[in-house]
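Overview (structure and organization)
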Amino acid sequence: MKFGLFYELSTPRPFSTENQRMVIENAIEQTVLADKLGFSSVWCVEHHFLEEYSHSSCPDMFLAAIARETKDIRVCFGIGTCVPAMHSPIRWAEKAAYLDMLSNGRVEFGTGRSSTWNELGGFNANVDDTKKSWDEYCRVIPKMWTQERFSYEGNYFSMPERCILPKPVQDPHPPMWVAVTAPGTELDAADRGMGALILSISDVERNIPRIKEYREHIKTCDPVGSFINDQVAIANWMYCHEDAELAKQKGAELINTFGYMAGQTVEVSEAYPANSYKALGLLGSLRQDPNAPGDKKAAPASGLCFGDPDTLIDTISRWEAAGADQMIFMVQAREHLPQEKVLESLRLFAKEVMPHFNQKESTVAANA
Amino acid sequence: MSEIELLYGHGDGKDIAVSKIPLNLEDTSEITLKGAHIFYVLYEMKMSAAESILPPSLHPSIPALFSLTFIRGNNSSIGDFTLAYTGIACRTGIKPRHLVMKAFCDNLKASSILEQRYGFSICPAKVTCKESYDQVHGKIETKDAVIVDMSIGNCIPLVGAGGIIKYSPTLNGCLINDEPTLVQFEANYDFKNVIRGEPAEKIFNSKSLGHEAMTTKYPIAGTYAAVDIHLMPPRFQVSLDKPAEEGGAKKITP
């Protein structure tokens, strides 16, 4: 089991220089500490126009800053949007390879296609084709990294022969991932031999069938890259404190804050219903209406990592048993928690929780 | 961190149609409109306009949107009718809603039921919604003039509509205990088929539809659905001036 951090860079109003810089600087400070504490990865989303929810329009720049201030932590696109109106696949291949240079081979490349009208409408993107263009991007980007010269004629992207530069440090290339929010996307990842970055605010048990199906599908995959990245990373929240009840309370506040911000976006199904967006994404599940006036508020999901170290060891052990390879944590929401509390939580987690899993890893290695 | 600044409307409520007919909360039976049709068109609008119209209890959606909806209920238990209304997208808490600006209906009996049961403030008008071979047309004609004459074209079918399309419940201005209040109108939908097309307007009188800021400069899409609609009794009421986060949205107790 490996551990990472995940950043949306959510920002409180007013969007002053002070507030915007604070969010970025705090995130960098957290990541630098996480690198020293033994966290293995930092992931950064790409979002546009999502007021408060995410001011992370340039994950490559955030990750470049991280890369130069850290030694070991992997710098991961979580994700780069594969929509022609937003990016050419050439630019993604170039940016990821450049970051691989700057970080000396620490890049992981997550892919996705956006699910909000805010973003797709803002870029005047073709909503009906995002799945198909995403598929094409996933297949060409690894070839841009590995082939000396590359040319292509496709449905959503074409180019004459060129040498796409630089080439990445990692041989053959950075691992490829897919962001998974809607049910079924994990199978899209598996069928292409890509890692599944599953954003889950639910119970561990609900994800067991998804992870099992992923493992089954990837056995017969047609990999888009030069190797199969058979990995499941679960992205959710973490707040670790000696006082378990306080940790849960703060955790609930983080989730509520996240839900409030996510609720401000407009899902594709609300604005531009399309065959390519069939399932409710994360946002839809966050704000479903209760079914009847007497319905009680659902209990907090059991898969969230809020609690004292013992609670977190138990929760993460259940994720591990479910088949997760990595836990990627969001540790902040719109600067709701004071920065020092976030850093304390990371330190406590590294001191009391991580050794339990590292020890198990060592034992497995020793017995191998 | 200092106290978090949140985004709310700052309208004074004067633009919101408020029904003068007292809401009947005693009748909690459901009404089903079998074989109904919904023609729903969505446009973007200026955020500053949405903020100036929405009351302080509601957040504007981001981006700001407004809708024009036609509901045609043939052979329904409340008669043959076509209802049309405009709504500005908003949120109570994190729930997406549309604040109804103006509503029109061509059947007095149905209007009366929709006003008493669900809080619509309805103007009588000739309202039509009909499909042709490759288009869907919507028209609203008041006693003075045609205020809407629009259509969608280049339509494509949507497969598995129940999981693809989502109508936000509306908030209707009405009186509860003589207090102007927003009451939530919601329904369950059993879709038969849905098409989506590109909106085009011959006539679109924004002012007559509720506010001159509701222009058609940025159309998003229009959908036309064959659907059974189950109208549910109102469950929630929303204050005009107190946000949901401060207790402004609460369950209705008949």
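Here the residue numbers are simple positions, counted from 1 along each chain's written sequence. Written order decides the labels, with chains lettered from A and ligands numbered from 1. Thresholds applied to this predicted model are a pLDDT of at least 70 for local features of residues and 80 or more for the giving and counting of side-chain atom pairs; totals over whole chains, interfaces and linings are not thresholded and use all residues.

1. Let's talk about the overall build of chain A
This is how the line gets drawn: Secondary structure follows DSSP: runs of H or I at least 4 residues long count as helices, runs of E at least 2 residues long count as strands, and numbering of each begins at the N terminus. Computation of the radius of gyration draws on C-alpha atoms alone. For the globule rule, the value is 2.2 Å times the number of residues to the power 0.38. Contact criterion: two residues are in contact if their C-beta atoms, reconstructed from the backbone, are within 7 Å.
Along chain A, the regular secondary structure elements total 12 helices and 11 strands. Over its C-alpha trace chain A gives a radius of gyration of 20 Å, about what one expects of a compact globule, namely 21 Å for 368 residues. In terms of principal-axis extent, the alpha carbons of chain A reach across some 60 × 55 × 45 Å. The long-range fraction of contacts in chain A, counting pairs at least 24 apart against all pairs at least 6 apart in sequence, stands at 76%.

2. Some words on the overall build of chain B
A count of helical and extended segments in chain B gives 3 helices and 15 strands. Computed over the C-alpha atoms, the radius of gyration of chain B is 17 Å, within 12% of the 18 Å expected from 2.2 N^0.38 for a compact globule of 254 residues. Across its three principal axes, chain B shows a C-alpha extent of roughly 55 × 40 × 40 Å. For chain B, the proportion of contacts with a sequence separation of at least 24, taken over those separated by at least 6, is 69%.

3. Structural notes on helix α11 (residues 309–322) of chain A
Residues that lie three or four places apart on an α-helix share one face, since the helix turns once every 3.6 residues. Residue and element names in this part refer to chain A. Cut-off, in case you're wondering: The span you would expect from a helix comes to 1.5 Å times its residue count less one. Partly exposed residues are those whose C-beta has more than 12 but fewer than 20 other C-beta atoms within 10 Å; with 20 or more the residue is buried, with 12 or fewer it is exposed, and the C-beta atoms are placed from the backbone. It is the directions from the helix axis to the C-beta atoms that the arc portrays.
An ideal rise of 1.5 Å per residue puts 20 Å on 14 residues; α11 measures up with 20 Å between its terminal C-alpha atoms. Those residues of α11 lying buried are P309, L312, T315, I316 and W319. Angularly, the buried residues of α11 cover 125 degrees about the axis, an arc narrow enough to put them on a single face. Facing away from the buried surface of α11 by more than 90 degrees, the exposed residues are D310, D314 and A321. Positive backbone phi, approximately 110 degrees, marks G323, located one or two places after α11.

4. A word on the confidence of the model for chain B
All names here are of chain B. Threshold: pLDDT: the predictor's confidence for each residue, scored from 0 to 100.
On average, residues of chain B carry a pLDDT of 92, and 98% of them reach 70 or more. Of all the helices and strands in chain B, helix α3 (residues 161–164) carries the lowest mean pLDDT, 72, while strand β8 (residues 136–141) carries the highest, 98. Note on the complex model: pTM 0.93, ipTM 0.92.

5. Description of the environment of G13 of chain B
Residues and elements named next belong to chain B. Take G13: it is sitting in the segment before β1 (31–44). Distance in space between the C-alpha atoms of G13 and L240 is 7.5 Å, their sequence separation being 227 residues. Other than its neighbours up to four places away in sequence, G13 contacts P55, P180 and L240.

6. A look at the packing of helix α1 (residues 17–37) of chain A against helix α2 (residues 59–69) of chain A
Angle between the axes and distance between the axes: these two values describe a pair of packed helices. Residue and element names in this part refer to chain A. Quick note on the threshold: Note on geometry: axes are lines fitted to C-alpha atoms, helical ones only across the stretch in contact, with angles between N-to-C directions running from 0 to 180 degrees. Oblique is the label for every angle not falling under 35 degrees (roughly parallel), over 145 degrees (roughly antiparallel), or within 65 to 115 degrees (roughly perpendicular). Throughout, a crossing is termed right-handed when the near helix is turned clockwise from the far one, and left-handed when it is turned anticlockwise from it by less than a right angle. Classification used: nonpolar for Ala, Val, Leu, Ile, Met, Phe, Trp, Tyr, Cys and Pro, charged for Asp, Glu, Lys and Arg, polar for all others including Gly.
Close contact between α1 and α2 brings their axes to 10 Å; oriented N to C, the two are set at 40 degrees. Here α2 runs oblique to α1, going by the angle between their axes. Helix-helix and strand crossings are classified by hand; for α1 and α2 the assignment is right-handed. For the pair α1 and α2, contact is made by I24, I28, T31 and V32 and by F62, A65, I66 and E69, respectively. Class assignment of the residues belonging to the contact of α1 with α2 gives a composition of 6 nonpolar, 1 polar and 1 charged.

7. A few points about the pairing of strand β6 (residues 158–162) of chain A
Residues and elements named next belong to chain A. Operational definition: Paired strands are those between which DSSP finds at least two bridges.
Counting buried positions over the 5 residues of β6 gives 0, only a small fraction of the element. Strand direction decides the pairing type here: strand β5 (residues 150–153) and β6, joined by 3 bridges, are antiparallel. Within β6, the residue paired with E153 across the bridge is S158. The antiparallel hairpin formed by β5 and β6 contains 4 residues in its connecting segment.

8. Section: the confidence of the model for chain A
Residues and elements named next belong to chain A. Overall, the predicted model of chain A reaches an average pLDDT of 92, with 91% of residues at or above 70. Predicted confidence for residues 288–295 stays below pLDDT 50, and this span has 4 contacts to residues more than four positions away or in other chains. For the stretch residues 362–368, pLDDT sits under 50, and the model shows 0 contacts to residues farther than four places along the chain or on other chains.

9. Details of the environment of V100 of chain B
All names here are of chain B. Inspection of the secondary structure assignment puts V100 in strand β5 (residues 95–105). On the neighbour-count criterion, V100 (28 C-beta atoms within 10 Å) is buried. In sequence terms V100 and G222 are 122 residues apart; their C-alpha atoms lie 18 Å from each other. In this structure, V100 is in contact with A17, Y85, G87, F120, T170, L171 and N172, ignoring residues within four places of it in sequence.

10. Notes on the environment of E94 of chain A
Residues and elements named next belong to chain A. Secondary-structure assignment places E94 in helix α3 (residues 89–102). Residue E94 is classed as partly exposed on the basis of its C-beta count, with 18 C-beta atoms lying within 10 Å. As a C-alpha pair, E94 and K167 span 73 residues in sequence and 7.8 Å in three-dimensional space.

11. Side note on helix α2 (residues 108–118) of chain B
Residue and element names in this part refer to chain B. Of all the residues in α2, the buried ones are A110, S111, I113, L114, E115, R117 and Y118. In the core, the buried residues of α2 are packed alongside β4 (79–92), β5, β6 (122–124), β10 (170–176) and β11 (179–185). Two residues or fewer after α2 comes G119, characterised by a positive phi angle close to 85 degrees.

12. Let's talk about the pairing of strand β9 (residues 232–240) of chain A
All names here are of chain A. Test applied: Orient the strands so they point away from the viewer, and a crossover whose first-strand-to-second-strand path over the helix runs clockwise is right-handed.
For β9, a buried count of 9 out of 9 residues is recorded, marking the element as mostly surrounded by other parts of the structure. Here strand β8 (residues 195–199) runs beside β9; their pairing, made up of 4 bridges, is parallel. For L197, the partnering residue across the bridge sits in β9 and is A233. Handedness of the β-α-β unit built from β8, helix α7 (residues 204–218) and β9 comes out right-handed. One ladder, built from 5 bridges, connects β9 with strand β11 (residues 326–330); its direction is parallel. Counterpart to A233 in the pairing with β11 is Q326.

13. Description of the interface of chain B and chain A
With 28 residues of chain B in contact, the opposing surface of chain A contributes 28 residues. Within the residue set of the side of chain B that touches chain A, elements represented by two or more residues are β5, α3 and β13 (218–231) of chain B. Top contributing element to the side of chain B that touches chain A by residue count: β13 of chain B, with 3 residues. The residue makeup of the side of chain B that touches chain A, split by class, is 15 nonpolar, 6 polar and 7 charged.

14. Points about the packing of α2 of chain A against α3 of chain A
All names here are of chain A. Look at α2 against α3: their axes get within 9 Å of each other, and the N-to-C directions meet at 10 degrees. Overall, the two elements α2 and α3 adopt an arrangement that is roughly parallel. The two elements α2 and α3 meet at a crossing, and its hand is right-handed. Contact residues: D60, L63, A64, A67 and R68 in α2; K95, L99 and L102 in α3. Each residue belonging to the contact of α2 with α3 can be placed in one class, and the counts come to 5 nonpolar, no polar and 3 charged.

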